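# Breakdown of the fold
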Amino acid sequence: MHVSNTIEDEKIKAKYDIIVAGGGMVGCTLACALGKNPLLSKLKVLLLEGNTKQEFHLNTEYSNRVVALNQNTKSLMNSLNVWRHVENARLQPVRYMQVWDACSDALISFSSSEVFDDDLAYIVENDLLLNAINQELSTNNVDVVYGAKIAEYQLLRRDNSGNDPESLVKMSNGDVYACKLLIGADGANSAVRQAMGAQYLSWNYDQKGVVATLHLAEETENTTAWQRFLPTGPVALLPLDSKRSSLVWSTNHSHATHLLKLPDEQFVDALNDALWKQYPRSSSVDTCMSWVSGLLRRVGLPDGAVRQLPPSVKNIAPKSRAAFPLGFGHSTRYVAIGVALVGDAAHRVHPLAGQGVNLGFGDVKDLTDMLADALYSGLELTHHSWLEKYETTRQRHNVPTQLAVDALHRLYTVDLAPVVLLRSVGLQLTNAIQPVKKMIISHATT
Ligand SMILES: Cc1cc2nc3c(=O)[nH]c(=O)nc-3n(C[C@H](O)[C@H](O)[C@H](O)COP(=O)(O)OP(=O)(O)OC[C@H]3O[C@@H](n4cnc5c(N)ncnc54)[C@H](O)[C@@H]3O)c2cc1C
């Protein structure tokens, strides 16, 4: 992929107001939102996706790739009519969440009745969600080209006739499209971001997320999401139905490779160990923690003693194990003249807080609203004032979330006693002080 100044005008196949580069969950949702917004639906919009269109079948076995969607995402999907397709297929509400430390007794729990009076999150398979979005997208006046690998960008330049400036997108088959506004929804390795020349702050976590579909030993209501912080990284079980959960087990590369190679029964043993095993404990941390618990009890606050036992895993769905590299990424600019970034193209986070795609859907909501406001006020699609407002608004939300998730990751991959003590007291106090807990939930859902 490279940027050039040599794409010839005569090769332009079609001109659009907006081109969305990348049809993952975020790009498709954006195209759908543009098509459904009454102020924007008259614009000519093109969505380009490098992969061929996947036929979707609702199999009895769940897909191993799922996301935890927050209430804001549900509202967005409702407004686009997408949520009803998800509900008609399948989703699992999360009504309780328990997060605990393997190196101490520290625990935090969230319950929908306690903080929200609504479900905390919904677990939905990625391909099911994408299919639901595509069902609505197909009812819109948006052109979609699949199997369309973008080879080259030429960002905003004036055409020979002196018309409005436009960006050019060259496909690997030689087709060229022109647009006033180019939106990069092309994921963490975004070529649009590279063409913008935006600085990108990124690092790898030296971890992979091992995923699998789990069959549980006992049938229950199963509306709890579990996450245990091990010294090697967090292991999380997300509920799918009464007897199945989805695994996201973040661990170092060599352990992930080892886990992928294990026979199914040994993998299940290793996973049950990860959920249940007693890890080496520091007696001074335990003493301080019981002192803090006693203090919380004396002042009438919850001391974290009410802990639920995690489920036992019976076996895994055949061939459902896979691993994905985990990393952090922050683009210092989300916009340039005639260009904007959304989703993982702009920001990437560790999955431990289930925030990644929710941040991307937040971008979609704000970008669509601001674009509609701009047109309503008579501004150009590429006017810098709305573009900059978009960048500022989203970075104010996304950057603190990314930093908080990164800090959590760092705090929990250390097993030195003073650090364990610090984080354990912090977690216990956060669990005890309702307003702090509510603040965390409220930030995670907006
Ligand atoms: C193990 C794991 C668990 C996760 N769990 C959660 C969770 O619980 N909750 C949550 O919110 N997030 C979660 N995430 C994060 C979430 O999966 C990502 O944030 C999300 O997939 C990003 O979507 P996107 O559309 O921005 O990018 P992508 O999914 O990367 O989509 C980019 C699209 O652009 C296309 N593309 C790229 N380059 C080109 C090109 N040159 N030409 C044409 N097309 C191109 C690609 O084909 C792709 O379809 C998790 C991530 C991992 C790894």
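Note: the structure precedes this text.
For the structure given in this document, a descriptive report is provided here. This is a predicted model, so every value here is computed, not measured. (Residues numbered from 1 in each chain as written. Predicted model: local features only at pLDDT ≥ 70, side-chain atom pairs only at ≥ 80, totals over all residues. Heavy atoms only, no water.)

Okay, the overall build of the protein next. Scanning the protein from terminus to terminus reveals 13 helices and 21 strands. Expected size for 446 residues packed as a compact globule is a radius of gyration near 22 Å; at 23 Å, the protein falls within 12% of this value. The dimensions of the protein, computed from C-alpha atoms along their principal axes, are 75 × 45 × 40 Å. Taking all 446 residues of the protein together, the buried fraction comes to 54%. Across the protein, every contact between residues at least 6 apart in sequence was considered, and the portion connecting residues at least 24 apart equals 77%. (Helix = DSSP H or I, 4+ residues; strand = E, 2+ residues; numbered from the N terminus. Rg over C-alpha atoms; globule rule 2.2 N^0.38 Å. Buried < 20%, exposed > 50% of the residue type's maximum accessible area, 1.4 Å probe, protein only. Contact = heavy atoms within 4.5 Å.)

To continue, consider the layout of surface pockets. Summary: where empty space remains is shown by rolling a probe the size of a single water molecule over the atoms. Approximately 220 Å³ is the volume found for the second largest pocket. Lining the second largest pocket are 16 residues, and of these Trp100, Arg228, Leu275, Trp276 and Arg307 sit closest to its centre. Residue assignment for the lining of the second largest pocket shows that the elements contributing at least two residues are β6 (96-101) and α8 (264-276). Counting residues per element, the lining of the second largest pocket draws most heavily on β6, at three residues. (1 Å grid on protein atoms, 1.4 Å probe; cavity = no way out; pocket = protein on both sides within 12 Å on 5 of 7 lines; lining within 4 Å. Points joined across faces, edges and corners; volume = space filled by probe spheres on them.)

On to a nonpolar patch on the surface, then. A cluster of nonpolar side chains, contributed by Val299, Leu301, Leu429, Ile433, Val436 and Ile440, occupies part of the molecular surface with about 430 Å² of accessible area. Residue placement: Val299 occurs in the loop between α9 (283-298) and β17 (313-316). On the basis of relative accessibility, which here comes to 57%, the residue Val299 falls in the exposed class. (Patch = residues over 30% accessible without salt bridge, like charges linked within 9 Å, V, L, I, M, F, W, Y side chains within 5 Å. Areas by Shrake-Rupley, 256 points an atom, 1.4 Å probe, with all protein chains shown as cover. Salt bridge = Lys/Arg side-chain N within 4 Å of Asp/Glu carboxyl O.)

On to the site of the ligand, then. Taken together, 29 residues lie around the ligand, and Glu49, Gly50, Ala68, Asp344 and Val357 are the ones closest in. Here Met25 contributes a backbone N or O atom positioned 3.4 Å from an oxygen atom of the ligand. One nitrogen or oxygen atom from the main chain of Val26 is found 3.1 Å from an oxygen atom belonging to the ligand. Protein burial of the ligand: of its 1000 Å² of free accessible surface, 83% is covered by the chains. A per-class count over the shell around the ligand returns 13 nonpolar, 11 polar and five charged. (Near = heavy atom within 4 Å. Polar contact = N/O pair within 3.5 Å; in protein donor to acceptor, adjacent residues only side chain to side chain. Nonpolar A, V, L, I, M, F, W, Y, C, P; charged D, E, K, R; others polar.)

With that out of the way, let us pick up the packing of helix α2 (residues 71-79) against helix α10 (residues 356-376). One can describe the packing of α2 onto α10 by two numbers: an axis separation of 9 Å at closest approach and a directional angle of 45°. When the axis of α2 is compared with that of α10, the two are oblique. By crossing handedness, the relation of α2 to α10 is classed as left-handed. Packed against α2, whose contacting residues are Thr73, Leu76 and Met77, the element α10 presents Asn358, Phe361, Val364 and Lys365 at the interface. Tallied by class, residues from the contact of α2 with α10 come to four nonpolar, two polar and one charged. (Axes fitted to C-alpha atoms, helices over the stretch in contact; angles between N-to-C directions. Parallel < 35°, antiparallel > 145°, perpendicular 65-115°, else oblique. Left-handed = near helix turned anticlockwise from the far one by under 90°.)

The subject of this paragraph is the nonpolar core. Nonpolar side chains tend toward joint burial in soluble globular proteins. With 73 residues, the main nonpolar core has Ile18, Tyr153 and Leu182 as its most contacted residues. Discounting chain neighbours no more than four positions away, the residues touching Ile18 are Leu34, Leu43, Lys44, Val45, Leu46, Cys179, Leu181, Ile183, Leu371 and Leu381. The next biggest cluster of nonpolar side chains, apart from the first, holds 25 residues, and it includes Ala68, Val99, Val420 and Leu427. (Core = buried A, V, L, I, M, F, W, Y, C linked by side-chain atoms within 4.5 Å.)

A separate point is the environment of Val399. Take Val399: it is sitting in helix α11 (residues 384-412). Here Val399 falls in the partly exposed class, since its relative accessible area comes to 23%. Taking the C-alpha atoms as reference points, Val399 and Thr332, 67 residues apart in sequence, are found 9.9 Å from one another. When neighbours within four sequence positions are excluded, Val399 is seen to be in contact with His330 and Arg394.

With that out of the way, let us pick up the sheet that holds strand β5 (residues 92-94). The strand order β4-β8-β5 describes an open sheet built from three strands, whose pairing is antiparallel. Across the chains shown, the open sheet's two edge strands, defined by having one partner strand only, are β4 (66-69) and β5. With direction set aside, neighbouring strand axes in the sheet form an average angle of 30°. Pairing of β5 with strand β8 (residues 121-125) involves three bridges; the strand directions are antiparallel. The residue of β8 that forms the bridge with Pro93 is Tyr122. (Pairing = 2+ DSSP bridges.)

With respect to the element layout, His347 can be found in strand β21 (residues 347-348). His347 sits in the buried class, given a relative accessible area of 2%. At 2.6 Å, the side chain of His347 and the side chain of Asp363 are in polar contact. The contact partners of His347, leaving out residues within four places of it in the chain, are Gly329, Tyr334, Gly356, Leu359, Gly360, Asp363, Asn398 and Gln402.

This brings us to α9. Given 3.6 residues to a turn, an α-helix orients residues that are three or four positions apart in the same direction. Between the first and last C-alpha of α9 there are 23 Å, a value that for 16 residues agrees with the 22 Å anticipated at 1.5 Å per step. Those residues of α9 lying buried are Val285, Met289, Val292, Ser293, Gly294 and Leu296. Check the buried side of α9 and you find it contacts α12 (417-432). Of the residues one or two after α9, Gly300 is the one with positive phi, at around 80°. (Expected span 1.5 Å × (residues − 1).)

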